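Here are the chains, one letter per residue:
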Amino acid sequence: MRVSREQAAKNRERIIDIASREFREKGFDGIGVADVMKSAGLTHGGFYGHFASKDDLIAEACAASMDRSAEKWSQLAETSPDEAFAAIANSYLSKAHRDGKATGCTIAALAPDIARQSGPVRKRFSEGIGTLLDILAKAIPGQSDAAKREKALTTMAGLVGTLVLSRAVDDPEFADEILNAGQAAFGSGETAQ
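Please read all numbers here as calculations on a predicted model, not as lab measurements.

Draft legend 1. Quick look at the packing of aromatic side chains. Enumeration over the complete set of coordinates arrives at 4 aromatic pairs. Consider the rings of Phe23 and Phe28, whose centres lie 5.2 Å apart with planes at 75°: the pair is edge-to-face. For the pair formed by Phe23 and Phe28, the shared burial category is buried. Three or more aromatic residues joined by ring pairs make a cluster, and in this case those are Phe47, Tyr48 and Phe51.

Draft legend 2. Here's a closer look at the packing of helix α7 (residues 119-138) against helix α8 (residues 145-168). Relative orientation of the contacting elements α7 and α8 amounts to 120°, with a least axis distance of 9 Å. Where α7 crosses over α8, the handedness of that crossing is right-handed. Touching Ile129, Leu132, Leu133, Asp134, Leu136 and Ala137 of α7 are Lys148, Arg149, Ala152, Leu153, Thr155 and Met156, all from α8. Among the residues making up the contact of α7 with α8, the classes are represented as 8 nonpolar, 1 polar and 3 charged.

Draft legend 3. Structural detail: the UniProt feature "domain: HTH tetR-type" (unreviewed entry) in the protein. Mapped onto this numbering, the UniProt entry annotates "domain: HTH tetR-type" (unreviewed entry) at residues 9-69. As a span, residues 9-69 carries 67% helix and 0% strand, and end to end its C-alpha atoms are 22 Å apart.

Draft legend 4. Structural view of a negative patch on the surface. Negative charge collects at one region of the surface, where Asp170, Asp171, Glu173 and Glu177 lie side by side. Residue position: Glu177 is located in helix α9 (residues 172-186). Under the relative-accessibility criterion, Glu177 is labelled exposed at 54%.

Draft legend 5. Representation of the environment of Leu132. Mapped onto the secondary structure, Leu132 falls in helix α7. Setting aside chain neighbours within four positions, we find Leu132 in contact with Met66, Ser69, Ala70, Trp73, Ile107 and Met156.

Draft legend 6. Representation of helix α4 (residues 84-92) within the structure. Of all 9 residues making up α4, 9 are buried, and the element is well covered by its neighbours. Residues of α4 that are buried: Ala84, Phe85, Ala86, Ala87, Ile88, Ala89, Asn90, Ser91 and Tyr92. Considering only its buried residues, α4 is in contact with α3 (54-79), α5 (95-99), α6 (106-114), α7, α8 and α9.

Draft legend 7. Inspection of α9 at higher detail. Counted at 1.5 Å a residue, the expected span for α9 with its 15 residues is 21 Å, and the 21 Å between its end C-alpha atoms agrees. Residues of α9 that are buried: Ala175, Ile178, Leu179, Gly182, Gln183 and Phe186. The buried residues of α9 occupy one face: seen down the axis, they fall within an arc of 140°. Facing away from the buried side of α9 by more than 90 degrees, the exposed set consists of Glu173, Glu177, Ala184 and Ala185. Check the buried side of α9 and you find it contacts α4, α5 and α8. Capping the start of α9 is the job of one residue whose side-chain oxygen sits 3.0 Å from the backbone nitrogen of Glu173: Asp171.

Procedures and definitions
Residues numbered from 1 in each chain as written. Predicted model: local features only at pLDDT ≥ 70, side-chain atom pairs only at ≥ 80, totals over all residues. Heavy atoms only, no water. Phe/Tyr/Trp six-rings, centres within 6.5 Å; stacked < 30°, edge-to-face > 60°. Buried < 20%, exposed > 50% of the residue type's maximum accessible area, 1.4 Å probe, protein only. Axes fitted to C-alpha atoms, helices over the stretch in contact; angles between N-to-C directions. Helix = DSSP H or I, 4+ residues; strand = E, 2+ residues; numbered from the N terminus. Left-handed = near helix turned anticlockwise from the far one by under 90°. Contact = heavy atoms within 4.5 Å. Nonpolar A, V, L, I, M, F, W, Y, C, P; charged D, E, K, R; others polar. UniProt positions renumbered as here; feature names shortened; annotations may be inferred. Patch = residues over 30% accessible without salt bridge, like charges linked within 9 Å, V, L, I, M, F, W, Y side chains within 5 Å. Areas by Shrake-Rupley, 256 points an atom, 1.4 Å probe, with all protein chains shown as cover. Salt bridge = Lys/Arg side-chain N within 4 Å of Asp/Glu carboxyl O. Lys, Arg positive; Asp, Glu negative; His and termini not counted. Charge placed at Lys NZ, Arg CZ, Asp CG, Glu CD. Expected span 1.5 Å × (residues − 1). Arc of directions from axis to C-beta. Polar contact = N/O pair within 3.5 Å; in protein donor to acceptor, adjacent residues only side chain to side chain.

Put into structure tokens, the structure is as follows:
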């Protein structure tokens, strides 16, 4: 049975959304195409009608999740223009973000895996990081463009590092201590909520 173009587009978006969550939760090698398709309520055989390869799906899933992050950061900056930098950092270093791996930051969840991927995956990932850095740099008040870019780069590295370490440790109190230190360094100085 053939599906309409509209339904095919909806199916593709559902596949990308599910893959994006599953990849962030389990890594690229932790979930196969058949499992993604099953979670989407579709057959494995239909995959290649939507994507050329698993790498193609990985690139699309990374781009979609990075686009969602950029939208969120932009909304935070617009909602709190005078405190945009702190709003972004505080949101990023929240307990909810740390604990929501499947819906959280693609960079923190997948950067080591992406470093081992093909050119198209890395290209889409790099574009996403560039967009996030631009948003973060615009949120930094009163410096030259070069200084804002440098601060955005070091802040991004610090935010991601804080989140990764907080997720990796096995002691909840230690994990919170790491988040709180990141909040003090990059956010408003309030403890992670």
